[in-house]
Amino acid sequence: MNPILKYLKNVFAAKRVLGDDTDLSGLVKADFLLQQLIKEEKAPGIAITVLKEGKTIFQKGYGDADLEQKQFVYPIKSIFRIASVSKPIAATALAYMVQEGIIDLDESFYTYLPDYPKKEWDFTIRQLASHTAGIRVYKGKEYGLNKPLSIKEGLDIFKNDPLVYEPSTEYLYNSFDWVMISAAMQKASGIPFEKYVQEKVLNPLGMKNTYNPKSHSDRNQGQTGEGANSISTSEKQNLVTKFYTKGITGFRKAIPVDNFYKLAGGGYLSTSEDIAKFGQAFLDKKVEISEEILNQFLTAQEVEGNSTYYGLGWQVSEDAKGRKFFGHVGNGVGGYSNFFVYPKEQLVFSILINCTDPKVQKNLDAIVDCFFNESKA
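Attention here is on the structure that accompanies the text. (Residues numbered from 1 in each chain as written. Predicted model: local features only at pLDDT ≥ 70, side-chain atom pairs only at ≥ 80, totals over all residues. Heavy atoms only, no water.)

Brief notes about the nonpolar core
Here comes step 1: By size, the foremost hydrophobic cluster in this structure holds 75 residues, and its most contacted members are Ile89, Leu94, Phe123, Phe297 and Trp314.
Here comes step 2: No other element matches helix α4 (residues 86-99), which puts nine residues into this core.
Here comes step 3: Apart from the residues lying within four places of it in its own chain, the contact partners of Trp314 are Pro88, Ala91, Thr92, Phe278, Phe282, Phe297, Leu298, Phe326, Gly327, His328 and Phe339. (Core = buried A, V, L, I, M, F, W, Y, C linked by side-chain atoms within 4.5 Å. Buried < 20%, exposed > 50% of the residue type's maximum accessible area, 1.4 Å probe, protein only. Helix = DSSP H or I, 4+ residues; strand = E, 2+ residues; numbered from the N terminus. Contact = heavy atoms within 4.5 Å.)

Laid out in structure tokens, this is it:
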């Protein structure tokens, strides 16, 4: 028997997901596929939140936030590393600075940080935000760095290296671009980057469970941090998931890392509910940025006449079935994330996993697809 049909025979499982609405079999399929990821040990824990026209149509936790303690994942309160889903958050803060006249996207980076080592070519904030400035990618152990660096100190990792190519002639995705942007933002505004993001983005949108790992002590493998929001340190210790990496013998604790210096590119922690709320804010026009400026961030850039499928801090693309979306995929030590906003269909997806690249993107794509089938029903 087809495993999904077999699953559907479990009336109690179906009602747990659907209530009395038996027409929404696509949601049952999504539930089945998510359970399979845990059953087949492809992920230790998963949190998912899906919104349709602003309403939560699917929200569940799967597997464990802590494998040793058998603590379940809760989509409302389990906090994950969101990795590069941090970039759209940082990009939103940058858009506010552009609107306020604090930063000009087409101004040279050196206007804001004149002491940064000069390169063969000049480059702008826009080129950094679109990953076309020529900044290099991680080398060696930089991906898993565990040093308590400030954002400015983080520049020391790569600032003396030459550009990989002449700006705007190629596209090279990396997180160092956003370390540079965040350094420029706090220099231009005179406000710490994390404080500006908190005041302009997180607080106004009610993202109470999103915070930065600043001052984390690496206790409990570096999973607690003192963010400037409403969650106390003791509560965070209870809610932050454990972080894992998958090896030949199964899941093991991920190496400790300190991601504060690259907060803008991949350092934030959050819940699936908060990230979905963030996406919905764009559909509801709660992000008070002019359409002219926002369009610049949410329009895919081009290099040599070819689309990069990337705007300014946002992936701007379409899925395998041609449906347009903006959002981001993230992968970091102990965390993997999917965040997609589909404007036409009015759907928002937030999926968080507490494991370094679990190699399940095709599975997640199939799960996301279930909801479009139902939206047409």
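Moving on from the coordinates now.
Side note on the packing of aromatic side chains
To describe a pair of aromatic rings, you give the distance between the ring centres and the angle between the ring planes.
Here comes step 1: For the structure on display, the rule yields 24 aromatic pairs.
Here comes step 2: Between Phe109 and Tyr110, the ring centres sit 6.1 Å apart and the planes meet at 75 degrees, which makes this aromatic pair edge-to-face. Taken as a pair, Phe109 and Tyr110 share a single burial class, namely buried.
Here comes step 3: On the numbers, 5.9 Å between centres and 15 degrees between planes, the contact of Phe278 with Trp314 is stacked. (Phe/Tyr/Trp six-rings, centres within 6.5 Å; stacked < 30°, edge-to-face > 60°.)

Observations concerning the pattern of salt bridges
Here comes step 1: Evaluated as defined, the whole model comprises 15 salt bridges.
Here comes step 2: Lys359 serves as the salt-bridge partner of Asp357, at 2.9 Å between the closest nitrogen and oxygen.
Here comes step 3: Asp357 sits in the partly exposed class, given a relative accessible area of 26%.
Here comes step 4: Through salt bridges with shared partners, a single ionic network connects Asp319, Lys321, Arg323 and Asp369. (Salt bridge = Lys/Arg side-chain N within 4 Å of Asp/Glu carboxyl O.)

Section: the pairing of strand β2 (residues 55-66)
Sheet faces and side chains relate simply in a regular strand, where the side chains alternate between the two faces.
Here comes step 1: Relative to β2, strand β1 (residues 45-52) runs antiparallel, the two sharing eight bridges. Paired with Leu51 across the strands is Thr56, a residue of β2.
Here comes step 2: Count of turn residues in the β1/β2 antiparallel hairpin: two residues, of which Glu53 carries a positive phi of about 50 degrees.
Here comes step 3: As paired strands, β2 and strand β3 (residues 71-72) are joined by two bridges and run antiparallel to one another. Its bridge partner being in β3, Asp66 is matched across the sheet by Gln71.
Here comes step 4: Linking β2 back to β3 in an antiparallel pair, the connection comprises four residues, with Lys70 at a positive phi of about 55 degrees. (Pairing = 2+ DSSP bridges.)

Examining the environment of Val85
Here comes step 1: Tracing the backbone through its elements, the reader meets Val85 in the loop between β4 (80-81) and α4.
Here comes step 2: Spatially, the C-alpha atom of Val85 lies 9.5 Å from that of Leu269, the residues being 184 residues apart in sequence.
Here comes step 3: Not counting the four nearest positions on each side in its chain, Val85 is found in contact with Ile275, His328, Gly330, Ser337 and Phe339.

Let's talk about the pairing of strand β11 (residues 324-332)
Here comes step 1: Where strand β10 (residues 315-318) and β11 come together, four bridges link them in antiparallel fashion. Bridging across to β11, Glu318 finds its partner in Lys324.
Here comes step 2: Here β11 pairs with strand β12 (residues 335-342) via seven bridges, running antiparallel. Across the sheet, residue Val329 finds its bridge partner in β12, namely Asn338.
Here comes step 3: Connecting β11 to the next strand, β12, in antiparallel fashion are two residues, including Gly334 with a positive phi near 80 degrees.

Things to note about the packing of α4 against helix α12 (residues 272-283)
Between two packed helices, what matters for the description is the angle formed by their axes and the separation of those axes.
Here comes step 1: At a closest axis distance of 11 Å, the pairing of α4 and α12 adopts a crossing angle of 40 degrees. Considered as vectors, α4 and α12 are oriented oblique to each other. α12 is crossed by α4, and the crossing has left-handed handedness. Contact with α4, carried on its side by Pro88, Ile89 and Thr92, involves Ile275, Phe278 and Phe282 of α12 and no other residues of that element. (Axes fitted to C-alpha atoms, helices over the stretch in contact; angles between N-to-C directions. Parallel < 35°, antiparallel > 145°, perpendicular 65-115°, else oblique. Left-handed = near helix turned anticlockwise from the far one by under 90°.)

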